[in-house]
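# An overview of the molecular structure
Residues per chain are reported as follows:
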Amino acid sequence: MDEKTPNSDMDGGWKDIIEDFTEEFFSFYLPEIHRKIDFEQGVKFLDRELNEIVSDSDNIKREADRLFEVFLKNGEATWILIHIEVQSYRDHTFAERMYVYYYRIFDKYRRKVVSIAVYIDGNRDFRPDSFKAEQFGCSMHFTFPVIKLLDFEDQEEELAQNPNPFAVVTRVQLAKLRSERDPDQRYSFRMALTKELYDREYTKEQVIRLYRFIDYILTLPKPEALQFRKELEEFEEGRKMPYMTSTERIAREEGMMQGISKGQLESLQEAVQDILEVRFGKLAVAIQEKLN
């Protein structure tokens, strides 16, 4: 495969998947915290509040970070800030940023905050979990829980048997690291993990959301992406399990929502035409006009 594999949209993928499966995130990665949260009272996402505290903070985009409010089983409300760190190099300022976000939330809203770091990078030694500052007898020591996905690297069999959606999420992220420079291997990983969704006892909506995450993370060059769609359609037809039509799948991959812009609509038209031409050859003029 000569065409370069496009960069993954890991920020968007992780932001969505945490919102899609918030309770499962905690039950998989942080079971002790999960047992203390009353998820029956729901989860309130605080995007506006997070934007307010990071908008003037070091000009670093933190699109994958999530801030939300939950109620504990003792009746207390608490805010939880999840930082998703995607860097593959040692960032000596990360722990400090964790602290800055923590005190800014507390200073602005006077709310208890639990800050959690999720490291999805490929550097096994990068896992800061505290920030310290001391001068003339005045000291501060801030610590926070850490999730390092590379810690699951030797648990492939256990992850494959685990029904939690974040077992799939973890395997997808690890597959991304393993296939960083190999589009053929990435294609194989993506197809195997996608087909596996159909054998799990997930709802249609859960399959679609996990498929969207796979698409965000295990990106493919355009020719291979088209071939992937064709192979998956044939697989669905054979299983008689059409979770998504081609158009629905493309729309989700392109991030289509209500209120499609003209540019987005044109991109969707081009994507549909590409798939049709891969499957049936050059389109007749009448079909092209109907598609437009």
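Summary of the structure given here. (Residues numbered from 1 in each chain as written. Predicted model: local features only at pLDDT ≥ 70, side-chain atom pairs only at ≥ 80, totals over all residues. Heavy atoms only, no water.)

### What to know about the pattern of salt bridges
Rule in force here: Salt bridges are defined by distance alone: a side-chain nitrogen of Lys or Arg within 4 Å of a carboxyl oxygen of Asp or Glu. In DSSP terms, a helix is any run of H or I states spanning at least four residues, a strand is any run of E spanning at least two, and both are numbered starting from the N terminus. Each residue gets one of three labels from its accessible area relative to the maximum for its type: buried under 20%, exposed over 50%, partly exposed in between, using a 1.4 Å probe on protein chains only.
Counting across every chain of the model gives 22 salt bridges. A salt bridge links R66 to E19; the shortest N-O distance between them is 3.0 Å. Taken as a pair, R66 in strand β2 (residues 66-71) and E19 in helix α1 (residues 10-20) lie far apart in primary sequence, 47 residues in all. You can call R66 buried: its relative accessible area is 0%. By relative accessible area, E19 is classed as partly exposed at 40%.

### Describing the packing of aromatic side chains
The geometry of an aromatic ring pair is captured by two quantities: the separation of the ring centres and the angle between the planes. So the rule is basically this: Aromatic pairing here means that ring centres of Phe, Tyr or Trp (its six-membered ring) are within 6.5 Å. Orientation follows from the plane angle: under 30 degrees is stacked, over 60 is edge-to-face, and everything else is tilted.
Considering all chains together, one arrives at 23 aromatic pairs under this definition. Each ring, one from W14 and one from F213, has its centre 5.6 Å from the other, and the planes form 85°; the classification is edge-to-face. With W14 in helix α1 and F213 in helix α9 (residues 204-217), this pair connects stretches of sequence that are 199 residues apart. F213 shares its class with W14; the two are buried. Their ring planes at 45° and their centres at 4.9 Å tell us that Y102 and F142 sit as a pair that is tilted.

### Side note on the pairing of strand β4 (residues 113-119)
Selection rule: Any two strands are treated as partners once DSSP identifies two or more bridges connecting them.
Counting buried positions along β4 yields six of seven residues, so the element is predominantly enclosed. Alignment of strand β3 (residues 77-85) against β4, held across seven bridges, turns out to be parallel. Residue pairing for β4: I80 is matched across the bridge by V114.

### A few points about the packing of helix α8 (residues 183-197) against helix α10 (residues 222-239)
Here is the rule: Every axis in this analysis is a line fitted to C-alpha atoms, fitted for helices over the stretch in contact. Angles between the N-to-C directions lie between 0 and 180 degrees. What sets the label is the angle itself: under 35 degrees gives roughly parallel, over 145 gives roughly antiparallel, 65 to 115 gives roughly perpendicular, and the rest give oblique. Crossing handedness follows the turn of the near helix against the far one: under a right angle anticlockwise gives a left-handed crossing, and clockwise gives a right-handed one. In this description, contact between two residues means that some pair of their heavy atoms is separated by no more than 4.5 Å. Think of it as three bins: nonpolar holds Ala, Val, Leu, Ile, Met, Phe, Trp, Tyr, Cys and Pro, charged holds Asp, Glu, Lys and Arg, and polar takes everything else, Gly as well.
Where α8 meets α10, the closest approach of the two axes is 11 Å, and the angle between their N-to-C directions is 30°. As summarised for this structure, α8 and α10 are arranged roughly parallel, according to the angle between their axes. Relative to α10, α8 is oriented so that their crossing is right-handed. Counting all contacts with α8, which are made through Y187, R190, M191, T194 and K195, the residues of α10 involved are E224, Q227, F228, E231, L232 and F235. Partitioned by chemical class, the residues of the contact of α8 with α10 number five nonpolar, two polar and four charged.

### Describing the environment of V100
Within the element layout of this structure, V100 appears in helix α5 (residues 94-109). For V100, a relative accessible area of 16% translates into the label buried. Spatially, the C-alpha atom of V100 lies 9.3 Å from that of V54, the residues being 46 residues apart in sequence.

### Here's the deal with the sheet that holds β2
With mixed pairing, five strands are arranged side by side in an open sheet as β1-β2-β3-β4-β7. Across the chains shown, the open sheet's two edge strands, defined by having one partner strand only, are β1 (44-45) and β7 (146-148). Sheet topology note: the β4/β7 ladder contains three bridges and is parallel. Bridging from a neighbouring strand, A117 pairs with V146 of β7.

### Considering the nonpolar core
The criterion, for reference: Put simply, a nonpolar core is a bunch of buried Ala, Val, Leu, Ile, Met, Phe, Trp, Tyr and Cys residues held in one set by side-chain atoms that sit within 4.5 Å of each other.
One finds W14, F25, F26, Y29 and F166 to be the most contacted residues of the largest nonpolar core, which totals 51 residues. Look past the residues within four positions of F26 in its chain and what remains in contact with it is P31, I33, H34, I37, F39, F68, I80, I82 and I116. Core analysis: the next-biggest nonpolar cluster, separate from the first, contains 11 residues, V54, W79, L81 and V113 among them.

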